[in-house]
Amino acid sequence: QVQLVDSGGGLVQPGWSLRLSCAASRSIFSFNTMAWYRQAPGKERELVATCTSGVSTNYADSVKGRFTISRDNAKNTVYLQMNSLRPEDTAVYYCHALRPGLYYWGQGTQVTVSS
């Protein structure tokens, strides 16, 4: 069993930056893919960014060039650096850990972008 604790969200103005963190209760080394999802009010949860095998990263078109996912296996932590935030980035952001046959979710952290 792994617990994922999401943190770093908050209320920011458009154009500002935030860094989200996902701290795991034990090693994330065995998880092939770590990812961030988000869910805006009234919308389905969507994939924001993935980091596979600590090397390959992929992003939703809406965040490419603005968001960066990274993982620190030594600290059992995954990060999402979010720059140039927009009102449409407002959502609850969730960390996700995946390996064959097993996955876990964080509890989510609220990001609100508003002037």
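Residues numbered from 1 in each chain as written. Predicted model: local features only at pLDDT ≥ 70, side-chain atom pairs only at ≥ 80, totals over all residues. Heavy atoms only, no water.

**Some points on the environment of Trp-105**
Note the following rule: Counting from the N terminus, the helices are the DSSP runs of H or I reaching at least four residues and the strands are the DSSP runs of E reaching at least two. Should any heavy atoms of two residues lie within 4.5 Å, those residues are considered in contact.
Topologically, Trp-105 is positioned in strand β10 (residues 102–105). Taking the C-alpha atoms as reference points, Trp-105 and Ala-60, 45 residues apart in sequence, are found 19 Å from one another. With near-sequence residues (within four places) excluded, Trp-105 lies in contact with Leu-4, Tyr-37, Arg-45, Tyr-94, Cys-95 and His-96.

**Focus on the side chain of His-96**
Note the following rule: Burial classes: relative accessible area under 20% of the type maximum marks a residue as buried, over 50% as exposed, and values in between as partly exposed (1.4 Å probe, protein chains only).
Turning to its location among the elements, His-96 is positioned in strand β9 (residues 91–99). The buried category is assigned to His-96, whose relative accessible area is 8%. Setting aside residues up to four positions removed in sequence, His-96 forms contacts with Leu-4, Thr-33, Met-34, Ala-35, Tyr-37, Tyr-103, Tyr-104 and Trp-105.

**Quick notes on the pattern of salt bridges**
Threshold: Salt bridges are defined by distance alone: a side-chain nitrogen of Lys or Arg within 4 Å of a carboxyl oxygen of Asp or Glu.
Within this structure, the stated rule accounts for four salt bridges. A salt bridge links Lys-64 to Asp-61; the nearest nitrogen and oxygen atoms lie 3.1 Å apart. Both residues of the pair, Lys-64 and Asp-61, count as exposed.

**With respect to the side chain of Ser-21**
As for its position among the elements, Ser-21 is in strand β3 (residues 18–24). Contact partners of Ser-21, with chain neighbours within four places excluded, come to Val-5, Asp-6, Ser-7, Trp-36, Thr-77, Val-78 and Tyr-79.

**Some words on unusual backbone geometry**
With a phi close to 55 degrees, Asn-76 is a non-glycine residue in the positive phi region. Residue placement: Asn-76 occurs in the loop between β7 (67–72) and β8 (77–82). Taking relative accessible area as the criterion, Asn-76 reaches 18% and is therefore assigned buried. The phi torsion at Ser-84 lies on the positive side, around 50 degrees, for a residue other than glycine. Take Ser-84: it is sitting in the loop between β8 and β9. What makes Ser-84 partly exposed here is its relative accessible area of 41%.

**Here we look at the state of the cysteines**
Our working definition: Disulfide: a pair of cysteine sulfur atoms within 2.5 Å of each other.
If you walk through the whole model with that rule in mind, you get one disulfide. A disulfide bridge connects Cys-22 with Cys-95, and the sulfur atoms are separated by 2.2 Å. Disulfide Cys-22 to Cys-95: torsion about the S-S bond roughly -75 degrees, handedness left-handed. With a gap of 73 residues between them, Cys-22 in strand β3 and Cys-95 in strand β9 connect regions that are remote in the sequence. The residues Cys-22 and Cys-95 share a single accessibility class, namely buried. Between Cys-51, a cysteine without a disulfide, and Cys-95, which holds the nearest cysteine sulfur, the sulfur-to-sulfur distance is 11 Å. Overall, the relative accessible area of 2% leaves Cys-51 in the buried class.

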